[in-house]
Amino acid sequence: MDAGRREESALWLSFVTAARTRPDLRPRAAEMQAGLDDLVRRVLAESERSGGLAPGLDLDVETRRLSALLDGLTLQAVQHPDLVGPDELRAVLRRHLDTLAAPTS
């Protein structure tokens, strides 16, 4: 995660945290989450359509799982940039995506 993305991620984290105690921000936070979930779902659906996902996956579950992983990695990168570097973040994401991939022959 480069410095610009880390700063954007820190801003996102501050916003969603503030939305928990400021009801006026909650609709926007929910809208942002729904948009991110929709994006993840579309990526997974297109991967499934093109044969890139293992058969039989529940896309609703996998959407939530990937979204939660991305949120967690973002939180770790913001909170512990000296402990969790870009290479480790990519390795974790790659490993997760490998679990979704269709078997190769």
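Residues numbered from 1 in each chain as written. Predicted model: local features only at pLDDT ≥ 70, side-chain atom pairs only at ≥ 80, totals over all residues. Heavy atoms only, no water.

So, about the nonpolar core. As a rule of thumb, soluble globular proteins bury nonpolar side chains together. Counting six residues, the largest nonpolar core is built from Val 40, Leu 44, Leu 53, Leu 59, Leu 66 and Leu 100. Secondary-structure elements contributing two or more residues to this core are α2 (26–49) and α3 (59–79). With residues up to four places along the chain from it excluded, the contact list for Leu 53 reads Leu 44, Ser 47, Glu 48, Leu 59, Leu 100, Ala 101 and Ala 102. (Core = buried A, V, L, I, M, F, W, Y, C linked by side-chain atoms within 4.5 Å. Buried < 20%, exposed > 50% of the residue type's maximum accessible area, 1.4 Å probe, protein only. Helix = DSSP H or I, 4+ residues; strand = E, 2+ residues; numbered from the N terminus. Contact = heavy atoms within 4.5 Å.)

Tracing the chain through its elements places Ala 45 in helix α2. Along the primary structure Ala 45 and Leu 59 are separated by 14 residues, whereas in three dimensions their C-alpha atoms are 7.3 Å apart.

On to the pattern of salt bridges. The full count for this structure, using the stated rule, is eight salt bridges. For Asp 37, the salt bridge goes to Arg 64, with nearest N and O atoms at 2.8 Å. Of this pair, Asp 37 sits in helix α2 while Arg 64 sits in helix α3, and the two are 27 residues apart along the sequence. The class of Arg 64 is partly exposed, set by a relative accessible area of 44%. Where Arg 41 meets Asp 60, a salt bridge forms, and the shortest distance between an N and an O atom there is 2.4 Å. Taken together, the positions of Arg 41 in helix α2 and Asp 60 in helix α3 put the pair 19 residues apart, joining distant regions of the chain. (Salt bridge = Lys/Arg side-chain N within 4 Å of Asp/Glu carboxyl O.)

This paragraph deals with α2. Helix length check: α2, at 24 residues, gives a terminal C-alpha distance of 34 Å against a target of 34 Å (1.5 Å per residue), a fit within 8%. Taken together, the buried positions of α2 are occupied by Ala 29, Asp 37, Val 40 and Leu 44. Check the buried side of α2 and you find it contacts α1 (3–21), α3 and α4 (86–100). Within two residues after α2, Gly 51 carries a phi angle of roughly 85 degrees, on the positive side. (Expected span 1.5 Å × (residues − 1).)

None of this, on its own, says anything about what the molecule does.
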